[in-house]
Amino acid sequence: LDEIFYKPLPVAIMLIVYGVLFIVVEKHNAGKKPSVTKISQLSVQMLLWIGFFQMLALIPGTSRSGATIVGALILGVSRTVAAEFTFVLAIPVMFGASLLKLVKFGLNFTGTEAMILLIGMVTAFVSSIIVIQFLMGYIKKHDFKVFGYYRIVLGILVILYALFLA
């Protein structure tokens with residue numbers, strides 16, 4: 001997939017497509033009461049569909065969390081639950097991806113390299129907790145349209161970069 005899609009134009013297209021999806025889904029759901037307001041209410045069928053949306057993130061330019069959130073919103077899940085589930089779902093995914101990269105690059109680290117890696121992991125974990133808390137607070141008061149507009153603008157910038165600067 002990377003060989004085919006990891007180029008500026010496909011990445012830009014996916015940025016824009018998911019940006020539009022965020023806006024369309026939010027407008028469609030405006031004023032509607034979500035059918036799922038707690039993670040415990042997610043059915044196996046819903047979880048499988050959300051997992052399907054997550055697989056779409058294999059295409060470069062598609063945000064893993066954006067894909068799962070859009071999928072959950074389409075299924076009638078509340079914004080808060082969609083975001084919470086996406087963050088929970090990220091734990092095994094990120095752990096697995098990190099483990100694969102460690103194995104790919106080999107586990108031959110010097111003591112200094114291992115310490116730097118450990119400090120980086122702890123720093124990334126702490127900063128992710130802070131960012132997640134901020135985003136959850138934001139999501140409780142706002143919709144995802146701003147993320148849609150951000151993705152559209154970024155997609156346009158990537159296209160302009162590819163056309164004029166690359």
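The structure we're discussing is the one just above.
Read on for a plain summary of the structure. (Residues numbered from 1 in each chain as written. Predicted model: local features only at pLDDT ≥ 70, side-chain atom pairs only at ≥ 80, totals over all residues. Heavy atoms only, no water.)

Remarks on the overall build of the chain
Next, step 1: Each helix and strand counted, the chain has seven helices and zero strands in total.
Next, step 2: Secondary structure of the chain in N-to-C order comes out as α-α-α-α-α-α-α.
Next, step 3: The dimensions of the chain, computed from C-alpha atoms along their principal axes, are 55 × 45 × 30 Å.
Next, step 4: A separation threshold of at least 6 residues defines the contact pool for the chain, and within that pool the share at least 24 residues apart is 76%.
Next, step 5: As displayed, the chain has an accessible area near 11,000 Å², and 74% of this comes from carbon and sulfur atoms. (Helix = DSSP H or I, 4+ residues; strand = E, 2+ residues; numbered from the N terminus. Contact = heavy atoms within 4.5 Å. Areas by Shrake-Rupley, 256 points an atom, 1.4 Å probe, with all protein chains shown as cover.)

Digging into the environment of Ile-159
Next, step 1: Turning to its location among the elements, Ile-159 is positioned in helix H7 (residues 145-164).
Next, step 2: Between the C-alpha atoms of Ile-159 and Pro-8, which are 151 residues apart in sequence, the distance is 6.7 Å.
Next, step 3: Apart from the residues within four sequence positions on either side, Ile-159 is in contact with Leu-9, Ala-12 and Ile-16.

Quick look at H7
Next, step 1: Taking 1.5 Å of rise per residue, the 20 residues of H7 would be expected to cover 28 Å, and the 29 Å separating its terminal C-alpha atoms lies within 8% of that figure.
Next, step 2: Among all positions of H7, only Gly-148, Arg-151, Gly-155 and Val-158 are buried. One side of H7 carries all its buried residues, which in axial view fall inside an arc of 85°. Among the exposed residues of H7, those pointing more than 90 degrees away from its buried face are Tyr-150 and Phe-164. (Expected span 1.5 Å × (residues − 1). Buried < 20%, exposed > 50% of the residue type's maximum accessible area, 1.4 Å probe, protein only. Arc of directions from axis to C-beta.)

Focus: the pattern of salt bridges
Next, step 1: Per the counting criterion, the structure on display carries two salt bridges.
Next, step 2: Arg-79 serves as the salt-bridge partner of Glu-26, at 2.8 Å between the closest nitrogen and oxygen. Residue Glu-26 is located in helix H2 (residues 8-29), and its partner Arg-79 is located in helix H5 (residues 79-105); the two are separated by 53 residues in the primary sequence.
Next, step 3: For Lys-145, the salt bridge is made with Asp-143, and the minimal N-O distance between the two is 3.9 Å.
Next, step 4: Classification of Lys-145 as partly exposed rests on a relative accessible area of 23%.
Next, step 5: Its relative accessible area of 23% is what places Asp-143 among the partly exposed residues. (Salt bridge = Lys/Arg side-chain N within 4 Å of Asp/Glu carboxyl O.)

A look at the packing of helix H4 (residues 64-74) against H5
Next, step 1: Where H4 contacts H5, the two axes come as close as 9 Å, and the packing angle between them is 140°. As far as their axial angle goes, H5 and H4 are oblique. For H4 against H5, the interelement crossing comes out right-handed. Residues Arg-64, Ser-65, Thr-68, Ile-69, Ala-72 and Leu-73 of H4 touch H5, and the partners they reach there are Arg-79, Ala-82, Ala-83, Thr-86, Leu-89, Ala-90 and Val-93.
Next, step 2: Looking at side-chain class alone, the contact of H4 with H5 contains eight nonpolar, three polar and two charged residues. (Axes fitted to C-alpha atoms, helices over the stretch in contact; angles between N-to-C directions. Parallel < 35°, antiparallel > 145°, perpendicular 65-115°, else oblique. Left-handed = near helix turned anticlockwise from the far one by under 90°. Nonpolar A, V, L, I, M, F, W, Y, C, P; charged D, E, K, R; others polar.)

Observations regarding the environment of Thr-80
Next, step 1: Relative to the helices and strands, Thr-80 is located in helix H5.
Next, step 2: For Thr-80, a relative accessible area of 22% corresponds to the partly exposed category.
Next, step 3: As a C-alpha pair, Thr-80 and Tyr-138 span 58 residues in sequence and 9.7 Å in three-dimensional space.
Next, step 4: Apart from residues no more than four positions distant in its own chain, Thr-80 is found in contact with Met-136, Ile-139 and Lys-140.

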